[in-house]
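# Topology and contacts: notes
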Amino acid sequence: MPHSTTPALNWIDGAWTDSPVHDDSYDPATGTHIGTYAKATRDQVEQAIAAADRAFRNTSWRHDRQRRAAVLNAMADRIEEHRDELIDLLALDNGKVKAEAALEIDMVAPKLRYNAALALSDFGRAAEIRPGRYSMVVREPLGVAGVITPWNSPVILTIRSLAPALAAGCTAVVKLPEQTAQINRLFTEIITQTEGLEPGVLNMLTADRDAAAALIDSPDVPAISFTGSTATGKAISAAGAAHLKRFGLELGGKTPIILFDSADLTEALPVVEKALTTFAGQFCMTGSRLLVHRSLADQVRDQLAQRLRAVRPGPAADPDSDMGPLIDQANVTRVNTLVDDAIAAGARPIVRGGPVTEGPLADGAFYRPTLLEVDDSSLPIVQEEVFGPVLTMQVFDTESEAVALANDSVYGLAASVWSRDVDQPLRVARELEAGTVWINDWATIYDEFEEGGYKHSGQGRLNGIAALEDFTEYKHIALRPGTIEP
């Protein structure tokens, strides 16, 4: 793919905007320079906030639900028109293999269309409390929504927050990640050029954390939708408390996959492999804790080890690649240090995996899948989000022990239960402290159903009807029109 020599710019108040600061983009699979980008300053984020605030107050956007639905549907059309171009650049800039890049892009248009429908079906309610006295509740947009997107799936995770914000009638400022500046530029161009979207309604900038802090600090941004680490989620919540901001947070995860004695390993183990290696483990729902009934432990060790050793890391340009790189070399070092520390603390390597340091992949940020067996749930490798293809395995004997191990975490984003017993999966799912539980499956997500975390995995919900709650205020209006006397 030819690379543009023009810096990727930011979109503020209906215009492309340069920055005094430029930086470089690199292909994580090869370390090759692929472009430059304008890094938005804090002043520019504040300009975008002011533009979004003006658009919220001075245009019909917040009042016209038919218009919002039409724009979201038109955005979906534009995404589909540019599908192949988006997939190619996402794979290059983000490191995903082509199938995973296609998975991300193909989720975008349906999500936009679902939220277009929400824009048309988001009603209040009314009642005659007693004769001549009425009450009604109307739902109104909060104002400017700040969307802060992570680098691991920048397109779909932007839309997951942005689509309901726009559907609710908010205007938006989107802070996009520096690591994916090139796909940011193409994605921004596609959706901001949608017919019917007035200047200021949608502003999109590639910026660092310091510039993004302007969103948190601004009294003119009442709603923040953040996807990222739990530590950052706590920090921005604390900072935003000064303005009593509404926060929707999807944070870290440590998804347990439970294999009960009746589990069908022929079906389960290929899914366990993908749960670990999809997006190279850089996914909040990565299956990172494997809990195995003792009767299956030997089979799982042997068969899963064979599968993981056979995984072929490689660039998206190679159709035989099973798994792409981590986002950069710094993360390779970070993940490897966590694994070394775990082994030193008593974890037993079944498959050591680790950095690719020789051959044609040595210049990329590749990390082979790793499987560690552990007995101590308190080890950091079990408790902390690794964000890489590292899986821990623990053995259990009873159903109650499996539930206790699964719940022994500050995280509660998702869990996966494998069993052919007709009653056991639902019985266990009811006891798991997780926002999503899959039965004989993993990572099945529907636009129509809510997604989010228990405990330190977040607050609020995205997808489903509840997605609008982060961006909506309720107003009660009481009336006394009286009655007509007979």
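Residues numbered from 1 in each chain as written. Predicted model: local features only at pLDDT ≥ 70, side-chain atom pairs only at ≥ 80, totals over all residues. Heavy atoms only, no water.

The chain is annotated in an unreviewed UniProt entry as Aldehyde dehydrogenase family protein from Streptomyces thermocoprophilus.

For the rest of this paragraph, the subject is the overall build of the chain. The secondary structure content of the chain amounts to 15 helices and 24 strands. In terms of overall size, the chain behaves like a compact globule, its C-alpha atoms giving a radius of gyration of 24 Å where 486 residues would be expected to give roughly 23 Å. For the chain, the C-alpha atoms occupy an extent of roughly 80 × 65 × 40 Å along the three principal directions. For the chain, buried positions account for 57% of its 486 residues. (Helix = DSSP H or I, 4+ residues; strand = E, 2+ residues; numbered from the N terminus. Rg over C-alpha atoms; globule rule 2.2 N^0.38 Å. Buried < 20%, exposed > 50% of the residue type's maximum accessible area, 1.4 Å probe, protein only.)

Right, let's talk about the sheet that holds strand β12 (residues 255–259) for a bit. Strand-to-strand pairing in sheets goes through backbone hydrogen bonds, with the strands running parallel or antiparallel. On the basis of which strands lie adjacent, the open sheet formed by seven strands has the order β14-β17-β18-β13-β12-β20-β21 and mixed pairing. The open sheet has two edge strands, β14 (348–351) and β21 (436–439), and neither has a second partner. Strand after strand, the sheet turns through a mean of 25 degrees between neighbouring axes, direction not considered. Where β12 meets strand β13 (residues 287–293), five bridges bridge the pair, whose relative direction is parallel. Bridge pairing in β13 places Thr 255 opposite Gly 287. Taken strand by strand, helix α10 (residues 265–277) contacts β12, β13, β17 (370–373), β18 (390–396) and β20 (414–418), and its axis lies near 165 degrees from that of β12. Each of β14, β17 and β18 is contacted by helix α12 (residues 329–344), which is oriented at about 25 degrees to β17, the strand it contacts most. (Pairing = 2+ DSSP bridges. Axes fitted to C-alpha atoms, helices over the stretch in contact; angles between N-to-C directions. Contact = heavy atoms within 4.5 Å.)

Let's shift gears to unusual backbone geometry. We note that Asn 440 has phi near 50 degrees; this positive angle belongs to a residue other than glycine. According to the relative accessible area criterion, Asn 440 is partly exposed, its value standing at 32%. The phi angle at Lys 455 is positive, at roughly 50 degrees, despite the residue not being glycine. Along the chain, Lys 455 falls in strand β22 (residues 454–455).

Moving on, we come to the pattern of salt bridges. Once their charged atoms are close, side chains differing in charge can pair, the charge on each being opposite to the other. One pass over the full model with this rule turns up 32 salt bridges. With a shortest N-O distance of 3.0 Å, Glu 80 and Arg 113 are connected by a salt bridge. Of this pair, Glu 80 sits in helix α2 (residues 65–81) while Arg 113 sits in helix α5 (residues 108–121), placing them 33 residues apart in sequence. The exposure class of Glu 80 is partly exposed, given its relative accessible area of 44%. Taking relative accessible area as the criterion, Arg 113 reaches 29% and is therefore assigned partly exposed. Linking Arg 312 and Asp 320 is a salt bridge whose minimum nitrogen-to-oxygen distance equals 4.0 Å. When its relative accessible area of 47% is taken as the criterion, Asp 320 is described as partly exposed. (Salt bridge = Lys/Arg side-chain N within 4 Å of Asp/Glu carboxyl O.)

Moving on, we get to the pairing of strand β3 (residues 22–26). Along any regular strand, the residues point their side chains to alternate faces of the sheet. Pairing analysis gives five bridges linking β3 to strand β4 (residues 33–38), with the strands arranged antiparallel. Bridged to Asp 24 within β4 is Thr 36.

This part takes up the nonpolar core. Met 75, Ile 79, Leu 112, Ile 191 and Leu 202 are the most contacted members of the largest nonpolar core, which has 55 residues in total. With 10 residues, the top contributor of residues to this core is helix α6 (residues 154–168). Sequence-distant contacts of Leu 202, defined by excluding residues within four places in its chain, comprise Trp 11, Met 75, Leu 162, Ala 172, Val 174, Ile 191, Thr 192 and Leu 197. By size, the runner-up hydrophobic cluster in this structure holds 32 residues, among which are Ile 257, Leu 265, Ile 350 and Trp 418. (Core = buried A, V, L, I, M, F, W, Y, C linked by side-chain atoms within 4.5 Å.)

UniProt records the feature "domain: Aldehyde dehydrogenase" (unreviewed entry) at residues 24–477, using the numbering of this structure. Helix makes up 40% of residues 24–477 and strand 22%, with an end-to-end C-alpha separation of 53 Å. (UniProt positions renumbered as here; feature names shortened; annotations may be inferred.)

Within helix α15 (residues 424–431), burial applies to Gln 424, Pro 425, Val 428 and Ala 429. The arc enclosing the buried residues of α15, seen along the axis, measures out at 125 degrees, which places them on a common side. In α15, the exposed positions angled more than 90 degrees off the buried face are occupied by Leu 426, Arg 430 and Glu 431. (Arc of directions from axis to C-beta.)

This brings us to the environment of Gly 353. Structurally, the position occupied by Gly 353 is in the loop between β14 and β15 (354–355). C-alpha of Gly 353 to C-alpha of Leu 215: the two residues are 138 residues apart in sequence and 40 Å apart in space. Excluding residues within four positions of it along the chain, Gly 353 makes contact with Arg 368, Pro 369 and Thr 370.

Let's shift gears to the sheet that holds strand β5 (residues 125–130). Taking strand neighbours across the sheet as the criterion, the three strands line up as β5-β6-β24 in an open arrangement whose pairing is antiparallel. A strand with exactly one partner marks an edge of an open sheet, and here the two such strands are β5 and β24 (472–479). Across the sheet, the axes of successive neighbouring strands diverge by a mean angle of 20 degrees, strand direction being ignored. In the sheet, strand β6 (residues 133–141) pairs with β24 via eight bridges, with the strands oriented antiparallel. In the sheet register, Glu 140 faces β24, and the bridge partner there is Glu 473.

Let us look at the packing of aromatic side chains. All chains considered together, the criterion is met by six aromatic pairs. A ring pair is formed by Trp 11 and Trp 16, whose centres lie 5.0 Å apart and whose planes are at 70 degrees; its orientation type is edge-to-face. Residue class for Trp 11 comes out buried when judged on its relative accessible area of 9%. By relative accessible area, Trp 16 is classed as partly exposed at 30%. When the centroid spacing of 5.4 Å and the interplanar angle of 75 degrees are considered together, the rings of Phe 260 and Phe 396 count as edge-to-face. Within this pair, whereas Phe 260 is found in the loop between β12 and α10, its partner Phe 396 is found in strand β18, the two being separated by 136 residues in sequence. With a relative accessible area of 1%, Phe 260 lands in the buried category. Pairwise contacts between aromatic rings join Phe 279, Phe 283, Trp 438 and Trp 442 into one cluster. Its end group placed over the ring of Phe 279, Lys 96 keeps NZ or CZ at 4.5 Å from the ring centre. (Phe/Tyr/Trp six-rings, centres within 6.5 Å; stacked < 30°, edge-to-face > 60°. Lys NZ or Arg CZ within 6 Å of the ring centre and 35° of its normal.)

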